[in-house]
Amino acid sequence: WFWACMAGAAIIGALAAIALRRRSKAPESAPKTPWEIALARLEALKGRELPAKRDFDRFYVDLSAILRYYIEGRFALHAPERTTQEFLTEMADVTLFDERQEAFLASFLKHCDYVKFARFEPGTAEMADRFEQVVRFVQDTVPAEPAAAAAEAA
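Since we're looking at a predicted model, the values are computed, not measured.

## Regarding the nonpolar core
Move 1: Residues I71, F87 and L105 are the most contacted members of the largest nonpolar core, which totals 33 residues.
Move 2: Looking at this core, the elements with two or more residues in it are α2 (34-47), α3 (56-75), α4 (84-93), α5 (99-118) and α6 (124-140).
Move 3: Considering each element in turn, this core owes the most residues, nine residues, to α3.
Move 4: Each residue touching F87, except ones within four places of it in the same chain, is listed here: R68, I71, L77, A79, R82, L105 and L109.

Given below as structure tokens:
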């Protein structure tokens, strides 16, 4: 009985140590907001220096994907799964964007399609300008109370 009690005590001690270790871990940080994710992805894209490498297709595929996933996360529009025309039609049916933002989205997405599908080769200055337009769009659409918006999304 002595050894059985010792083994039981050792098992109980190990389980208690595991439970204490789990409790002492720092709580997980809050999930990132759609704009935090988009801005981080934009920064990573910038670091890849695709315009300097003249990798037009990859740059516009990635830039438009960042924007589309941001729109999906921020506004709950299914932008990544839609063609440009389908997205623009859905966008016209909702009142999430002002006229300037709608014009930007239409122009930007059509430009991306032109590069991706018609093999248009824009200059590096135009690519930098398009990149900055996406950054401004994300920054302009961050809610006035980001914490409240994050709580609503959860």
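And the narrative resumes.
## With respect to the packing of aromatic side chains
Move 1: The final tally for this structure, using the stated rule, is eight aromatic pairs.
Move 2: Look at F97 and F137: their rings are 6.0 Å apart centre to centre, the planes differ by 40 degrees, and that puts the pair in the tilted class. Residue F97 is found in the loop between α4 and α5, and its partner F137 is found in helix α6; the two are separated by 40 residues along the sequence.
Move 3: Geometrically, the ring pair formed by F104 and F108 is stacked, given 5.5 Å between the ring centres and 25 degrees between the ring planes. Of this pair, F104 and F108 both sit in helix α5, four residues apart, roughly one helical turn. Both residues of the pair, F104 and F108, count as buried.

## Here we look at the pattern of salt bridges
Move 1: Tallied over the full model, the rule gives seven salt bridges.
Move 2: Across the salt bridge formed by R119 and D57, the nearest N and O atoms sit 3.6 Å from each other. Of this pair, R119 sits in the loop between α5 and α6 while D57 sits in helix α3; the two residues are 62 residues apart in sequence, bridging distant segments of the chain.
Move 3: Accessibility expressed as a relative area gives 57% for R119, which makes it exposed.
Move 4: Residues joined by salt bridges that share partners form a network here, namely R48, R58 and D62.

What counts and what doesn't
- Residues numbered from 1 in each chain as written.
- Predicted model: local features only at pLDDT ≥ 70, side-chain atom pairs only at ≥ 80, totals over all residues.
- Heavy atoms only, no water.
- Core = buried A, V, L, I, M, F, W, Y, C linked by side-chain atoms within 4.5 Å.
- Buried < 20%, exposed > 50% of the residue type's maximum accessible area, 1.4 Å probe, protein only.
- Helix = DSSP H or I, 4+ residues; strand = E, 2+ residues; numbered from the N terminus.
- Contact = heavy atoms within 4.5 Å.
- Phe/Tyr/Trp six-rings, centres within 6.5 Å; stacked < 30°, edge-to-face > 60°.
- Salt bridge = Lys/Arg side-chain N within 4 Å of Asp/Glu carboxyl O.

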